[in-house]
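Next come the chains, spelled out residue by residue.
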Amino acid sequence: MEFLLAGDLPILRLLRDQYAHVSVENREYSGVGVFSDFTVRADAPRVTPPNFTISDISYELANVQNGGSAVLFIRGGALSMLELYNWTDDWPADLDITALTYLVPKKPGTKEFVPSATRDINVLLAEIDDASSRAASA
């Protein structure tokens, strides 16, 4: 979660504040990943836009041939769910994360992403803006 919420954006700071007051209500394994449902205290600050995802993260696991990704769901302005999933392998019995990276465009303006040690803040802002634009047009 620290890696997902890293950065100086005000929205990320508010989400880190929420995370300090979150509880995991449910954890469900899918065979290739895990879903963790969160509950955030009612008095914790909410973010705007209220509904978006953060999905610019990839990881490598020990004893797993291929890596995976993480998706953090924000709903109603609060942390809602974290999904971790492997791209091709079964979820391991023992979770040993060997690498965490951000996914950044291979070339500017492309939709092909490659791992990077540093976050491309424009990728994150685009995810937030896309969600906000979809909500406005609905």
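Owing to the predicted nature of the structure, the values given are computational and were not obtained by experimental measurement. (Residues numbered from 1 in each chain as written. Predicted model: local features only at pLDDT ≥ 70, side-chain atom pairs only at ≥ 80, totals over all residues. Heavy atoms only, no water.)

A.B. asks: I tried to follow the side chain of serine 58 on my own but got confused; where do I start?
C.D. replies: Along the chain, serine 58 turns up in strand β3 (residues 52-61). Exposure remark for serine 58: the relative accessible area of 4% places this residue in the buried category. A polar side-chain atom of serine 58 sits 2.6 Å from a polar atom in the side chain of threonine 101. In this structure serine 58 touches Gly68, Ser69, Trp87, Ala99, Leu100, Thr101, Leu103 and Pro115, once residues within four positions along its chain are discounted. (Helix = DSSP H or I, 4+ residues; strand = E, 2+ residues; numbered from the N terminus. Buried < 20%, exposed > 50% of the residue type's maximum accessible area, 1.4 Å probe, protein only. Polar contact = N/O pair within 3.5 Å; in protein donor to acceptor, adjacent residues only side chain to side chain. Contact = heavy atoms within 4.5 Å.)

A.B. asks: Can you walk me through the confidence of the model for the protein chain in this structure?
C.D. replies: In low-pLDDT regions, the fine details of the predicted coordinates are not to be read closely. Scored by pLDDT, the protein chain has a mean of 90; 94% of the residues are at 70 or more. Looking across the protein chain, the model is least confident in helix α2 (residues 121-137), with a mean pLDDT of 77, and most confident in helix α1 (residues 10-19), with 96. (pLDDT = per-residue confidence, 0-100.)

A.B. asks: What exactly am I supposed to notice about the sheet that holds strand β1 (residues 22-29) here?
C.D. replies: Where strands meet in a sheet, backbone hydrogen bonds hold them as pairs that are either parallel or antiparallel. Pairing is antiparallel across the open sheet formed by 7 strands, whose spatial order is β1-β2-β5-β4-β3-β6-β7. Sheet topology places β1 and β7 (113-116) at the edges, where each strand pairs with a single neighbour. Across the sheet, the mean angle from the axis of one strand to that of its neighbour is 30°, orientation sign disregarded. As paired strands, strand β4 (residues 68-75) and strand β5 (residues 78-86) are joined by 8 bridges and run antiparallel to one another. (Pairing = 2+ DSSP bridges. Axes fitted to C-alpha atoms, helices over the stretch in contact; angles between N-to-C directions.)

A.B. asks: Sorry if this is basic, but what is going on with α1 here?
C.D. replies: Residues separated by three or four positions in an α-helix point in the same direction, a consequence of the helix having 3.6 residues per turn. Within the sequence span of α1, burial applies to Ile11, Leu12, Leu15 and Gln18. Projection of α1 onto a plane perpendicular to its axis shows the buried side chains occupying an angular sector of 115°, all on one side. (Arc of directions from axis to C-beta.)

A.B. asks: Help me understand the pattern of salt bridges, please; the structure alone is not making it clear to me.
C.D. replies: Pairing of side chains with opposite charge becomes possible as their charged atoms draw close. Scanning the entire structure with this criterion turns up 3 salt bridges. The salt bridge partner of aspartate 56 is arginine 119, with a shortest N-O separation of 2.7 Å. Here arginine 119 lies in the loop between β7 and α2 and aspartate 56 lies in strand β3, a separation of 63 residues in the sequence. One exposure class covers both aspartate 56 and arginine 119, and it is buried. (Salt bridge = Lys/Arg side-chain N within 4 Å of Asp/Glu carboxyl O.)

A.B. asks: Any chance you could explain the side chain of threonine 101 here in plain terms?
C.D. replies: Mapping threonine 101 onto the fold places it in strand β6 (residues 97-105). Those residues in contact with threonine 101 that sit more than four places away from it in its chain are Phe3, Asp56, Ile57, Ser58, Pro115 and Ser116.

A.B. asks: Got a minute to help me understand the environment of isoleucine 54 in this structure?
C.D. replies: Note that isoleucine 54 resides in strand β3. You can call isoleucine 54 buried: its relative accessible area is 0%. Residues isoleucine 54 and arginine 119, 65 residues apart in the sequence, show an inter-C-alpha distance of 12 Å. Apart from residues no more than four positions distant in its own chain, isoleucine 54 is found in contact with Leu4, Leu5, Leu12, Leu15, Ala70, Val71, Leu72, Ile74, Arg119, Leu124 and Glu127.

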